[in-house]
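Remarks on the overall topology
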Amino acid sequence: MGHEAAVTELARRYLAGHAPAADGDLARWAGIGLRDARLGLARCGAVQRADGLAELPASPRHEAATLPPPRLLGAFDPLLLGWASRDPITGPHRHIVTVNGLFRPFALAGGRAAATWNIARGQVVLAPFALLDAETRAALTSDAADVTRFLGG
């Protein structure tokens, strides 16, 4: 496969799993230069949105994605990997990412970071960024029970 075909396929596959994304996101994730990221995005059929992000065109084979239910994500969950900016997930809660690039365990709700969490005395302790609605809290409590059970608590 030639270079142009390779970056085209790389961009298509990246967008299939990470869209919408910027050229800088692809470059960072793949460890390639912006020139190659832009070339791949231009050639893979990506659609440029009004906000400057690229995505693959809608396909009748794929239904629109729905947000996942609230979940506790671990310190090395790949959700935050490969983005030039993590703001769409973290919002103002950038402290989730430490100065050395590690991630604190956090709760995802509605596609956004909603809390951090840790284990204290064998139990999951949640530190919400704001008041959580009852449905979100119940889902995170259930997930916490699974984490505790997995860890043998």
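Refer to the structure printed above.
Our subject in this report is the structure included herewith. Model, not experiment: these values are computed from the prediction. (Residues numbered from 1 in each chain as written. Predicted model: local features only at pLDDT ≥ 70, side-chain atom pairs only at ≥ 80, totals over all residues. Heavy atoms only, no water.)

This brings us to the packing of helix α1 (residues 3–18) against helix α2 (residues 23–30). Where α1 contacts α2, the axes come no closer than 11 Å and their chain directions differ by 105 degrees. Accordingly, the angle class assigned to the pair α1 and α2 is roughly perpendicular. For the pair α1 and α2, contact is made by L10, A11, Y14 and H18 and by D25, L26, W29 and A30, respectively. Here the contact of α1 with α2 is composed, by residue class, of 6 nonpolar, 1 polar and 1 charged. (Axes fitted to C-alpha atoms, helices over the stretch in contact; angles between N-to-C directions. Helix = DSSP H or I, 4+ residues; strand = E, 2+ residues; numbered from the N terminus. Parallel < 35°, antiparallel > 145°, perpendicular 65-115°, else oblique. Contact = heavy atoms within 4.5 Å. Nonpolar A, V, L, I, M, F, W, Y, C, P; charged D, E, K, R; others polar.)

Moving on: the environment of N118. By the element assignment, N118 lies in strand β5 (residues 112–120). When the C-alpha atoms of N118 and G74 are compared, they prove to be 9.3 Å apart, with 44 residues separating the residues in sequence. N118 has contacts with Q123, V124 and V125, leaving out every residue within four places of it along the chain.

Turning next to the packing of α1 against helix α3 (residues 34–43). Relative placement of two packed helices is described by the angle separating their axes and the distance separating the axes. Between α1 and α3, the shortest axis-to-axis distance is 7 Å and the interhelical angle comes to 75 degrees. In terms of axis orientation, α1 runs roughly perpendicular to α3. In contact with H3, E4, V7, T8, A11 and L15 of α1, α3 contributes D36, L39, G40, L41 and R43. Residue composition of the contact of α1 with α3, by class: 5 nonpolar, 3 polar and 3 charged.

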